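A structural walkthrough
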Amino acid sequence: MNTGEPELPGLYSAERRVLEIQAKLHRWAGDDPRRRFDDLFNLVADPAFLLVAWDRVRGNKGARTAGVDGETARYIEAERGVEGFLEELRADLKARTFQPLPVRQRAIPKAGGKVRYLGIATIRDRVAQASLKLVLEPIFEVDFLPCSYGFRPNRRAHDAVAEVHHFTSRSYEWVVEGDIKACFDEISHPALMDRVRRRVGDRRQTCPGPGQGVPQGWHPHRGRHADGYHRRFPAGVDSFSVAEQRGPVGSG
């Protein structure tokens, strides 16, 4: 998608521009379920998308936590300047010289003596990830089922609970709860990227990664990775929800 060479916009006009482009992407994806999108990378490096991505990263409580480079959002604002920071990031993205830094790992104790490792990306990498999410989200949103609530915009766990309450109040008798052990550790990158390539033809956004696993921590599409990946299961799993099953179907 040709976006021209716009200057760094103000936040209000940037949000307007991003919403307009997202609406187009969403409409085109809905009109043709088989459509593959090319030339999306220019949008990731678009000044409006990067500014909105920065605003979302800065507004996240994790903005106070630095990655391996030691820089927080406040440090970037005070010492480097947001405009210069975004211009440098945009130049690297457009020149295809952008390289994410390793995540900083932090061990979080769990019940039973186990440990969960969080991967903390740098602010710079988070902004790039958030910009990519702004581009991809309206495309993939079209493909999700109404009964899917995980990590989707304007949806939350409370909405899923409300739907369960709605149907259990109208003759549904069982709720099936399940969990996938070490879900984010076991996600296969080749399988995940196969799913992404069904919609995205721009290879600049679908380059190979490591064999498996998705870092846990601040990651704008970590949950979407899992949601999209696990839709590889047979169609029966998608419909195996309280919203689509009557009577006793099992327990868990």
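In this report, the structure presented in the accompanying data block is examined. (Residues numbered from 1 in each chain as written. Predicted model: local features only at pLDDT ≥ 70, side-chain atom pairs only at ≥ 80, totals over all residues. Heavy atoms only, no water.)

**Regarding the overall build of the chain**
- Across its full length, the chain carries eleven helices and two strands.
- Overall, the chain shows an N-to-C arrangement of helices and strands of α-α-α-α-α-β-β-α-α-α-α-α-α.
- The 252 residues of the chain split such that 40% are buried.
- Partitioning the contacts of the chain with sequence separation of at least 6, the portion at a separation of at least 24 is 76%.
- Here the chain has roughly 14,700 Å² of accessible surface; of this, 51% comes from carbon and sulfur atoms. (Helix = DSSP H or I, 4+ residues; strand = E, 2+ residues; numbered from the N terminus. Buried < 20%, exposed > 50% of the residue type's maximum accessible area, 1.4 Å probe, protein only. Contact = heavy atoms within 4.5 Å. Areas by Shrake-Rupley, 256 points an atom, 1.4 Å probe, with all protein chains shown as cover.)

**Quick notes on the pairing of strand β2 (residues 115-120)**
- With six bridges joining them, strand β1 (residues 104-109) and β2 adopt antiparallel strand pairing. When the bridges of β2 are listed, A107 appears paired with Y117.
- Connecting the antiparallel pair β1 and β2 is a turn made up of five residues, with G112 showing a positive phi of about 80°. (Pairing = 2+ DSSP bridges.)

**Considerations on the side chain of Q22**
- Here Q22 shows up in helix α1 (residues 11-31).
- In this structure the side chain of Q22 is engaged in a polar contact, spanning 2.9 Å, whose partner is the backbone oxygen of L134.
- The residues touching Q22, leaving out its near neighbours within four places in the chain, are L134 and P138. (Polar contact = N/O pair within 3.5 Å; in protein donor to acceptor, adjacent residues only side chain to side chain.)

**Description of the nonpolar core**
- In terms of nonpolar packing, the biggest core is built from 42 residues, with L40, W54, L86, I123 and V127 touching the most fellow members.
- Listing elements by their share of this core, those giving two or more residues are α1, α2 (41-44), α3 (47-59), α4 (73-80), α5 (82-94), α6 (123-141) and α9 (189-197).
- No other element matches α6, which puts ten residues into this core. (Core = buried A, V, L, I, M, F, W, Y, C linked by side-chain atoms within 4.5 Å.)

**Some words on the packing of aromatic side chains**
- Inspection of every chain in the model, using the stated rule, returns two aromatic pairs.
- Above the face of the Y149 ring, R155 is positioned so that its terminal group lies 4.7 Å from the ring centre. (Phe/Tyr/Trp six-rings, centres within 6.5 Å; stacked < 30°, edge-to-face > 60°. Lys NZ or Arg CZ within 6 Å of the ring centre and 35° of its normal.)

**Observations regarding the environment of R56**
- With respect to the helices and strands, the residue R56 is situated in helix α3.
- Residues R56 and A130, spaced 74 residues apart in sequence, show a C-alpha to C-alpha distance of 7.7 Å.

**Concerning the pattern of salt bridges**
- Inspection of every chain in the model, using the stated rule, returns eleven salt bridges.
- One salt bridge connects R124 with D125, and the closest N-O pair in it is separated by 3.9 Å.
- One salt bridge in this structure joins D143 and R199, with 3.0 Å as the shortest N-O distance. Highlighted residues: D143 in the loop between α6 and α7 (157-168) and R199 in the loop between α9 and α10 (222-230), separated in sequence by 56 residues. (Salt bridge = Lys/Arg side-chain N within 4 Å of Asp/Glu carboxyl O.)

**Observations concerning the side chain of S131**
- Residue position: S131 is located in helix α6.
- Accessibility expressed as a relative area gives 0% for S131, which makes it buried.
- A polar side-chain atom of S131 sits 2.7 Å from the main-chain carbonyl oxygen of V44.

**Considerations on a positive patch on the surface**
- Taken together, the side chains of K110, K114, R116 and K181 present a region of like positive charge at the surface.
- As for its placement among the helices and strands, R116 is situated in strand β2.
- Overall, the relative accessible area of 32% leaves R116 in the partly exposed class. (Patch = residues over 30% accessible without salt bridge, like charges linked within 9 Å, V, L, I, M, F, W, Y side chains within 5 Å. Lys, Arg positive; Asp, Glu negative; His and termini not counted. Charge placed at Lys NZ, Arg CZ, Asp CG, Glu CD.)

**As for the packing of α1 against α3**
- The interhelical angle for the contact between α1 and α3, taken along N-to-C directions, is 110°, at an axis separation of 8 Å. By the criterion of interaxial angle, the relationship of α1 to α3 is roughly perpendicular. Read as a crossing pair, α1 and α3 show a hand that is left-handed. On the side of α1, the interface is formed by L11, A14, E15, R17, V18 and I21, while α3 contributes A48, F49, L51, V52 and D55. (Axes fitted to C-alpha atoms, helices over the stretch in contact; angles between N-to-C directions. Parallel < 35°, antiparallel > 145°, perpendicular 65-115°, else oblique. Left-handed = near helix turned anticlockwise from the far one by under 90°.)

**Observations concerning the environment of G62**
- Tracing the sequence through the fold places G62 in the loop between α3 and α4.
- G62 gets classed as buried once you look at its relative accessible area, which sits at 15%.
- Placed 61 residues apart in sequence, G62 and I123 show a C-alpha to C-alpha distance of 9.3 Å.

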